[in-house]
Each structure stands twice: as structure tokens, then as C-alpha cells.
Amino acid sequence: MKAKIIEEVIYEGTMDWVHGGGQMVRRLLIEEKNDLCITFFQDQLLAFTGYDLDKHLRNVPSQDDEFGIEQKLAIVLGEVEVPDDLVEAAFAFANAGKKLVEFIPKFKSLSKLS
């Protein structure tokens, strides 16, 4: 399947953003598979669906906004053909994560884990 290669800065939180932190990651976006986004980060492959490319391509004020400078959240670098088995494994991973969220109440109900 065709995927767009996205380069994006991600932040661990507000303090990371405010102090100029962040880390550049590259993502694969497979729009025809429910906007499946595959990211390699900290030696892990992560996947989720519903990536909103238009939202991430918009300009936002930079940390140096006193000069009116804006930066893009993400840029599209190109396209690549992704093997079907990788796409299917990532899609299954994303769906498993959604399913696991349903078990949060059960997890919290365990007295020593809540």
C-alpha cells in the first residue's frame, strides 16, 4: 500500500514544548487504511488510526512568536510502498490498543492497582 512519509516534531508535554524540547520522528500515513499512522520511536513501532493530516500540516506560532514566526507541525516528505504484512500488523496493533482501553475499569478495580 502507498504511504505518505511524514516528518513531525513530538513533545512529551507542555514544558517540553515551552523550553524548546521535542523530538523529530518520521511516520508512515496510510490514508486508505482508516488513516493508519505508524511511528518508530524509542525502539518501538507504534500504530494508531485516525491521524488527521490536515490538522498536523497547519502553521502554528513557534516558541519565538514575538517575531511572528510560524512553524509547521508536520511536513510530507514523499511517498513509499509499504509491505502489506506490515500494514496489517500495524492495523491489528492499533485496533488491539482500542480494545484494551475497554479494560481500564477492570484494571482499576483491582485494589492494589487503582
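Described in the following lines is the structure provided in the data block.

Rules behind the numbers
- Residues numbered from 1 in each chain as written.
- Predicted model: local features only at pLDDT ≥ 70, side-chain atom pairs only at ≥ 80, totals over all residues.
- Heavy atoms only, no water.
- Phe/Tyr/Trp six-rings, centres within 6.5 Å; stacked < 30°, edge-to-face > 60°.
- Buried < 20%, exposed > 50% of the residue type's maximum accessible area, 1.4 Å probe, protein only.
- Lys NZ or Arg CZ within 6 Å of the ring centre and 35° of its normal.
- Salt bridge = Lys/Arg side-chain N within 4 Å of Asp/Glu carboxyl O.
- Helix = DSSP H or I, 4+ residues; strand = E, 2+ residues; numbered from the N terminus.
- Pairing = 2+ DSSP bridges.

Focus: the packing of aromatic side chains
As enumerated under the stated definition, the model contains one aromatic pair in all. Considering the side-chain rings of Phe48 and Tyr51, the 6.3 Å spacing of their centres and the 45° angle between planes classify their relative orientation as tilted. Given the relative accessible area of 3%, Tyr51 is considered buried. Above the face of the Phe91 ring, Lys33 is positioned so that its terminal group lies 4.6 Å from the ring centre.

Observations concerning the pattern of salt bridges
All chains considered together, the criterion is met by six salt bridges. Linking Glu31 and Lys4 is a salt bridge whose minimum nitrogen-to-oxygen distance equals 3.2 Å. In this pair, Glu31 sits in the loop between strand S2 (23-30) and strand S3 (36-41) while Lys4 sits in strand S1 (residues 2-10), placing the two residues 27 residues apart along the sequence. Glu102 is the partner of Lys99 in a salt bridge, and the nearest nitrogen-oxygen pair spans 3.0 Å.

Brief notes about the pairing of S1
Note: S1 against strand S7 (residues 74-81), seven bridges, orientation antiparallel. Its bridge partner being in S7, Glu8 is matched across the sheet by Ala74. Note that S1 and S2 share seven bridges and pair antiparallel. The residue of S2 that forms the bridge with Val9 is Met24.

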